[in-house]
Amino acid sequence: MKITKISLAIALMIAVAFTSCKPKDADIQAGVETALKAEPKSATTKVEVKEGVVTLTGECGDAVCKANCEKLASAVKGVKLPVVNNLTVTPPPAPVAAPVSTTTVMDAKVMQTIKDGLKDIKGVVVDFATGKPMLSGEVSAADRMKIMQMQSSAKVMFDVTKLMTKK
Amino acid sequence: MALQDKYAELVQAAHAHGVANFSVAEQNGVLHVSGTAANTATYDALWALYAKIDPDMASGDLMMNIDIKADAGGQLKVTTDASNLNIRNTPSTEGEVVGKAAHGETVTLVEKTDDSWWKVRTADGEEGYAFAQYLSPM
């Protein structure tokens, strides 16, 4: 009777010991993940913890971010040092190409294209005095769409604030 | 970012319709979207969305540079309101009229000379430049 009680107690202790081991890694992982929030460029990093050893994988914005993540992770309680830092540094994205859809030069050819396009639309007048095609008059909603489509193909922004739409 | 939010529906639709080479860029308060729509229906749908998001399209904050996929040899429909479409010997209204295509007629694309003028060939064999705005890829 006594023996079974003792063995039960031992079994219980073993069980407690085992289960207490598991959440520990989970706790460390949560702790590291929280700590990494201090590094804004670490959004795509992954944290793995095995028996207290932390492995960082994923992408970091730059070398500073990589080093900072390691530092932050190392400072978390329960982490076995050193932290395995397998973070890769993402090269900075190529600068965004300037939009292709605008021509800045209002030359004779562009003006002619605009005039050609507007020629068959009734009720619209175009003025190039300001350097930007200024449209005025009153057109139907369908014609207004044609005008905007023309703007896109001429690759020049029109000023249509004075262009009215027929109700 | 605000402009991208305003036209988010348009951008999503462009992706959903599989607009090729689609790009979105914001510059000086204007959102530039460009790409090539597979067909006229997609093109029309995107323009209808633009008109819905920005009534009267008067804000001047969107440059929608979407064209329709048209390959040399492809068929184009003449979409004038009613009149004939002039076919000229140079890509300009200065060019001499060398032929005419009737409203609703089908012509063949020879080359996209630029965004405004396309070289076409009529069923009668007349070849020259026509204003692209009145040509819809079929």
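Since we're looking at a predicted model, the values are computed, not measured.

What counts, and where the lines are drawn
Within each chain, residues carry numbers counting from 1 in the order of the written sequence. Starting at A for chains and at 1 for ligands, labels are handed out in the order in which the entities are written. Local features in this predicted model are restricted to residues whose pLDDT is 70 or higher, and side-chain atom pairs enter the listing and the counts only when it is 80 or higher, whereas totals over whole chains, interfaces and linings include all residues. Remark: hydrogens and water are excluded; side-chain values derive from all non-hydrogen atoms of the structure. Counting from the N terminus, the helices are DSSP H or I runs at least four residues long and the strands are E runs at least two residues long. Each residue is assigned to one of three classes by its accessible area relative to the maximum for its type, calculated with a 1.4 Å probe on protein chains only: buried under 20%, partly exposed between the two thresholds, exposed over 50%. Contact definition: two residues touch when any of their heavy atoms are within 4.5 Å. What sets the accessible areas is the Shrake-Rupley method with a 1.4 Å probe; for residues, cover comes only from the shown protein chains. Cavities and pockets were defined on a 1 Å grid built from protein atoms only: a cavity is a group of points that admits a 1.4 Å probe but offers it no way out, a pocket is an open group of points flanked by protein on both sides within 12 Å along at least five of seven lines, and a lining residue is one with an atom within 4 Å of any such point. Grid points are joined across faces, edges and corners, and a volume is the space filled by probe spheres set on the points. Only Asp, Glu, Lys and Arg are considered charged in this grouping, and only Ala, Val, Leu, Ile, Met, Phe, Trp, Tyr, Cys and Pro are considered nonpolar; every other residue, Gly among them, is considered polar. For two strands to be treated as a pair, DSSP must find at least two bridges joining them. Every axis in this analysis is a line fitted to C-alpha atoms, fitted for helices over the stretch in contact. Angles between the N-to-C directions lie between 0 and 180 degrees. Any Lys or Arg side-chain nitrogen located within 4 Å of an Asp or Glu carboxyl oxygen qualifies as a salt bridge.

### Focus on the overall build of chain B
Working step 1: Helix and strand counts for chain B come out as three helices and 10 strands.
Working step 2: Put simply, chain B runs from its N terminus to its C terminus through helices and strands in the order α-α-β-β-α-β-β-β-β-β-β-β-β.
Working step 3: Going through the 138 residues of chain B one by one, you find that 45% of them count as buried.
Working step 4: Expressed as a percentage of contacts within chain B between residues at least 6 apart in sequence, the contacts between residues at least 24 apart total 56%.
Working step 5: Total accessible area on chain B stands at roughly 6,400 Å², and carbon and sulfur atoms take up 48% of it.

### What about the overall build of chain A?
Working step 1: In terms of regular secondary structure, chain A is built from four helices and seven strands.
Working step 2: Starting at the N terminus and walking to the C terminus, you meet the elements of chain A as α-β-β-α-β-β-α-β-β-α-β.
Working step 3: With 167 residues in all, chain A has 31% of them scored as buried.
Working step 4: Taking all contacts inside chain A whose residues are at least 6 apart in sequence as the whole, residues at least 24 apart take part in 54%.
Working step 5: Carbon and sulfur atoms form 66% of the exposed surface of chain A, whose accessible area is close to 10,500 Å².

### With respect to the layout of surface pockets
All names here are of chain A.
Working step 1: The calculated volume of the largest pocket comes to roughly 700 Å³.
Working step 2: Top contributing element to the lining of the largest pocket by residue count: helix α4 (residues 141-154), with six residues.
Working step 3: Of the residues contributing to the lining of the largest pocket, the split by class is 14 nonpolar, 12 polar and seven charged.

### Description of the sheet that holds strand β7 (residues 159-165) of chain A
Residues and elements named next belong to chain A.
Working step 1: Pairing is mixed across the open sheet formed by three strands, whose spatial order is β5-β6-β7. Every interior strand has two partners, whereas the edge strands, β5 (124-127) and β7, have only one. With strand direction ignored, the average angle separating the axes of adjacent strands in the sheet is 10 degrees.
Working step 2: Pairing geometry for strand β6 (residues 134-139) and β7, over five bridges, is parallel. Within β7, the residue paired with Ser 136 across the bridge is Lys 162.
Working step 3: The strands touched by α4 are β5, β6 and β7; relative to β7, the strand with the most contacts, the crossing angle is about 160 degrees.

### Examining the pattern of salt bridges
Working step 1: The final tally for this structure, using the stated rule, is 11 salt bridges over all chains.
Working step 2: B:Lys52 is paired through a salt bridge with B:Glu9; the nearest N and O atoms lie 2.9 Å apart. Highlighted residues: B:Lys52 in helix α3 (residues 40-53) and B:Glu9 in helix α2 (residues 8-16), separated in sequence by 43 residues.
Working step 3: A residue is classified by how much of its surface remains accessible, and B:Lys52, at 52% relative accessible area, is exposed.
Working step 4: Residues joined in a network through salt bridges with shared partners are A:Asp143, A:Lys146 and B:Asp81.

### Overview of the sheet that holds strand β1 (residues 20-27) of chain B
Residues and elements named next belong to chain B.
Working step 1: Across the sheet, three strands lie side by side as β1-β2-β3; this open sheet has mixed pairing. In this open sheet, the two strands that pair with only one neighbour each are β1 and β3 (62-68). Taking each pair of neighbouring strands and ignoring which way they run, the sheet shows an average axis angle of 5 degrees.
Working step 2: Pairing of strand β2 (residues 30-37) with β3, which is carried by seven bridges, proceeds in the parallel orientation. When the sheet's bridge partners are listed, Gly 35 is paired in β3 with Ile 66.
Working step 3: Each of β2 and β3 is contacted by α3, which is oriented at about 170 degrees to β3, the strand it contacts most.

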